[in-house]
Structures are given as structure tokens and as C-alpha cells.
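# A look at the structure
Residues per chain are reported as follows:
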Amino acid sequence: MYVSFMISGLYMSNKRQKLPRRTFLILAFNGVQIIDIAGPAQVLSTANEEGADPPYDVRIVALQAGLIENASGFAILAGEIPEEGAVDTLVVPGGPGVHNLRKNPLASIALNELSQRAARVCSVCTGAFLLAEAGILDGRRAVTHWRSSNQLARDFPNVKVDPEPLFLNDGPVWTTAGVTAGIDLMLNLVQQDHGAALSARVARRLVVYMRRAGGQKQYSEPLALQAASGAPFDALSCQIAGDPCLQWTVEKMAEVAGQSLRTFHRRFEAATGQSPAKAVEKIRCDLARSLLHTTDLSLGQIADRTGLGSETQLRRAMTRQFGVNPSEMRDRFT
């Protein structure tokens, strides 16, 4: 017995309802991140409501059917994996439970066998670890959440990890960055299956962007410099953010930190993993991003207010930091 989230299209004729459905299996396991399941499932069920033809048959399944406790602490009911038959798309979510499941060799074998029946295999967030453990990502390019990219590359040297994209396609395999990137991917698959018009209607219904620009750097807030708990340079970073137009030379930063130039440079890089100059640029770009999202200031005015100097320098710095220029960031995300 399985749980099937199927919503017939509101506008489908009887003839259309008889067409074979596209089967999407979403794998559940203890410790799964619920939004990695709910986000893709909602996109597909909304696509059905908007007239997807053929419609999507979305099933939440598990290696052992029954109640599955997700990472948010409540249980969901998952059905059995179909024993035979082709699968249109297999979706493997992420969550803290992936690392326990990785230790189960039978799970990797079952996942590998199931992937061979699927026309498309997708991971959401850290679900990429399960695909990698099953050998599905060997020799392929893949992405995962920015916080886990280094570990994925370290644990699986045969996987070509690219930490930048929101989602990435290599043959029949799709991988995504963190959490809501699963929604981005599903909208892209709906567009492939049914065209841009349907995908756009789904995006409007869900009040999300049909296609977000840039990579995941622009969403990994706050800055690592400011986020490190108890970081020794928090006060300095706050001063830079409070007066970004000041000439923040290394000498000035060392003076504010109360250290010699040599000691400051060494300790700063050790604590933050970046040079003082790069840290200042990151803080200024973060301030510029906030102004792009919340004001109608011109690019020149934003450059002046954040200490980036000119529109040209603003564009170059924003592209370096976030992989998207300020005009596009404003157009897509305000």
C-alpha cells in the first residue's frame, strides 16, 4: 500500500485523464528534511491542478513502508516502493538522516537498483550524499548545499562537485543546492515536460520565481565572517558595516582590532578564511544587496553608500561575490 498525492487537473478532459501518469517517487527516511519532500510534491500537485497532461502521480515511499519521523520531529506515512515497472523520476531528499542511511549498504544497493528503473534521478540538498554512496554520481558533476560541498568532495573524490549552481544536470541525474532549490528544479522539470506556460502558472500560484538568477552564494547569509560564533573579529566587522565608506585599509583594520599589522593579518585569515580586503568587499556587497532589495536608489547611489565607489566597481564586486550583476539581482529579487 502506498501514499499517493495525486490531484487531477481542474481543466483536464475525460480523454486526458486516461493518459498514463508520470510517476514521481520521493524517498522518505528517518531524519529527512520535510521541505525537501513537501516543496517538490507541491510543485507537481499544483502542476496537476493547472492542467498537466499527462498528470503527475507523486508517491512518498520508503525502503521500509510505514511512519517515518522527519527532521522536524513529526511523522509522515510512506508507502512501499513499487516492485517493478518504470519510474519517470526518482527524487532523493536531504536532511540530517542521510548520514545514518549512508551507513546501510543494503540501502545503497536498493537505491542504485531503483535508479536504474528511473528515467530521471534527482537529489535535493544533501540527498546528493545518498546518490554518491550508491555510486550514481560517479564521474558526474553534482551540487549540494553550500555548507556540505566540501564534505561531498572529500568523501567522494569520483564526484565532480560544483558548489555554485542552484541545480545541476549531468545526463539523467539532477542535483540541487539547499532546500528551496528543490522547488527550482521541479519547476524546471515541469517546463521540460509541459512547457514554459504551465511552469509559469505554477510559479505564480506558489508565489515563487520561475527561474532564479545566479548561484547559491547569494542566499548563503549571513557572511561567514559575521556568522562564526564567538569570532574574534565580530566587533570589527560591525564597525565596517556601520561605516562602509571609510578607507578600510589593513592598517586601519589592525588599529581598530588593537593588534600589530603582522599579527592582525595572520589571525584574521586564520579566523575567517579570507583576506581583510576580501572581507571588506563581502560586507560592502552584502549591504549593497540589501539596498537593491529594499530601495529604489540608483546603482551609483548604492555604490556611494556602500563604499564601492562607482557603478562599474559595484557591478564587478557583486558579480565576484554572488555570480549575478546588481541590475539582474534587483530585477529578479525585489
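Residues numbered from 1 in each chain as written. Predicted model: local features only at pLDDT ≥ 70, side-chain atom pairs only at ≥ 80, totals over all residues. Heavy atoms only, no water.

### A few points about the overall build of the protein chain
Which entries qualify depends on this criterion: Only DSSP runs of H or I reaching four residues or more are called helices, and only runs of E reaching two or more are called strands; each is numbered from the N terminus. Exposure categories follow from relative accessible area, calculated using a 1.4 Å probe and restricted to protein chains: below 20% of the type maximum is buried, above 50% is exposed, and the middle band is partly exposed. Note on contacts: a residue pair qualifies if any of its non-hydrogen atoms lie within 4.5 Å across the two residues. Here the accessible surface of atoms and residues is derived via Shrake-Rupley with a 1.4 Å probe, and residues count as covered only by protein chains that are part of the display.
When its secondary structure is counted, the protein chain shows 16 helices and 11 strands. The 334 residues of the protein chain split such that 48% are buried. In the protein chain, the share of contacts with a sequence separation of at least 24, taken over all contacts with a separation of at least 6, comes to 66%. A total accessible area of about 16000 Å² is found for the protein chain, and carbon and sulfur atoms account for 50% of it.

### Things to note about the environment of E269
Inspection of the secondary structure assignment puts E269 in helix α12 (residues 261–272). In contact with E269, other than residues within four places in its own chain, are Q274, S275 and P276.

### Some details on the pairing of strand β2 (residues 22–27)
Counted only if it meets this: Pairing between strands is defined by DSSP: at least two bridges between the two strands are required. Place the viewer so that the strands point away; then a crossover is right-handed whenever the path from the first strand over the helix to the second strand goes clockwise.
Among the six residues in β2, five count as buried, and that is most of the element. One ladder, built from six bridges, connects β2 with strand β3 (residues 56–62); its direction is parallel. When the sheet's bridge partners are listed, T23 is paired in β3 with D57. Taking the sense of rotation as the criterion, the β-α-β connection linking β2, helix α2 (residues 34–49) and β3 turns out right-handed. The pairing of β2 with strand β6 (residues 87–92) spans three bridges and is classified as parallel. Residue pairing across strands places I26 opposite V91, the latter belonging to β6.

### So, the confidence of the model for the protein chain
Note the cut-off: The predictor attaches a confidence to each residue, and that confidence, scored 0 to 100, is pLDDT.
Overall, the prediction assigns the protein chain a mean pLDDT of 85, with 87% of residues at 70 or greater. Strand β1 (residues 3–5) is the least confidently modelled element of the protein chain, averaging 37 in pLDDT, while helix α5 (residues 128–133) averages 97, the highest of any element.

### Description of the side chain of R102
Looking at where R102 falls in the secondary structure, it is placed in helix α3 (residues 98–102). For R102, a relative accessible area of 16% translates into the label buried. With residues up to four places along the chain from it excluded, the contact list for R102 reads S108, F129, L130, E133, Q151, D155 and F156.

### Some words on the side chain of S199
What counts is decided by this rule: Side-chain atoms alone can form a polar contact between residues adjacent in sequence; in general such a contact is a pair of N or O atoms within 3.5 Å, and within protein one must be able to donate a hydrogen while the other accepts it.
Relative to the assigned elements, S199 resides in helix α8 (residues 196–206). Owing to a relative accessible area of 0%, S199 belongs among the buried residues under this scheme. Reaching out from S199, the side chain makes a polar contact with the backbone oxygen of L187 at a distance of 2.9 Å.

### Description of the pattern of salt bridges
Put simply, the rule reads: We count a salt bridge whenever a side-chain nitrogen from Lys or Arg sits within 4 Å of a carboxyl oxygen from Asp or Glu.
Across all of its chains, the model carries 15 salt bridges by this definition. E50 serves as the salt-bridge partner of R201, at 3.1 Å between the closest nitrogen and oxygen. Placement of the pair is R201 in helix α8 and E50 in the loop between α2 and β3, with a sequence separation of 151 residues. Residue E50 is classed as buried on the basis of its relative accessible area, which comes to 11%.

### Comments concerning the pairing of strand β7 (residues 118–123)
In terms of burial, β7 is a largely internal element, five of the six residues being buried. In terms of strand pairing, β7 meets strand β11 (residues 173–176) through three bridges, oriented parallel. If you follow S123 over to β11, its bridge partner there is T175.

### Focus: the nonpolar core
Filter applied, for reference: What is meant by a nonpolar core is a set of buried Ala, Val, Leu, Ile, Met, Phe, Trp, Tyr and Cys residues, joined one to another through side-chain atoms within 4.5 Å.
Grouped together as the largest cluster of nonpolar side chains are 58 residues, with contacts concentrated most on F24, Y56, L90, L111, L131, L137 and M186. With six residues, helix α7 (residues 181–194) is the single largest residue contributor to this core. Core analysis: the second largest hydrophobic core is formed by 15 residues, C285, A288, L297 and A303 among them.

### A look at the packing of aromatic side chains
Put simply, the rule reads: Planes of paired rings set the category: under 30 degrees apart is stacked, over 60 is edge-to-face and the rest tilted, where pairs are Phe, Tyr or Trp rings (Trp by its six-membered ring) whose centres lie within 6.5 Å.
All told, the structure shown has six aromatic pairs when counted by the stated rule. Where F24 meets Y56, the ring centres are 5.2 Å apart and the plane angle is 90 degrees; that geometry is what we call edge-to-face. Of this pair, F24 sits in strand β2 while Y56 sits in strand β3; the two residues are 32 residues apart in sequence, bridging distant segments of the chain. The class for F24 is buried, based on a relative accessible area of 0%. Take Y56: its relative accessible area is 0%, and that puts it in the buried class. Each ring, one from F233 and one from F268, has its centre 5.1 Å from the other, and the planes form 55 degrees; the classification is tilted.

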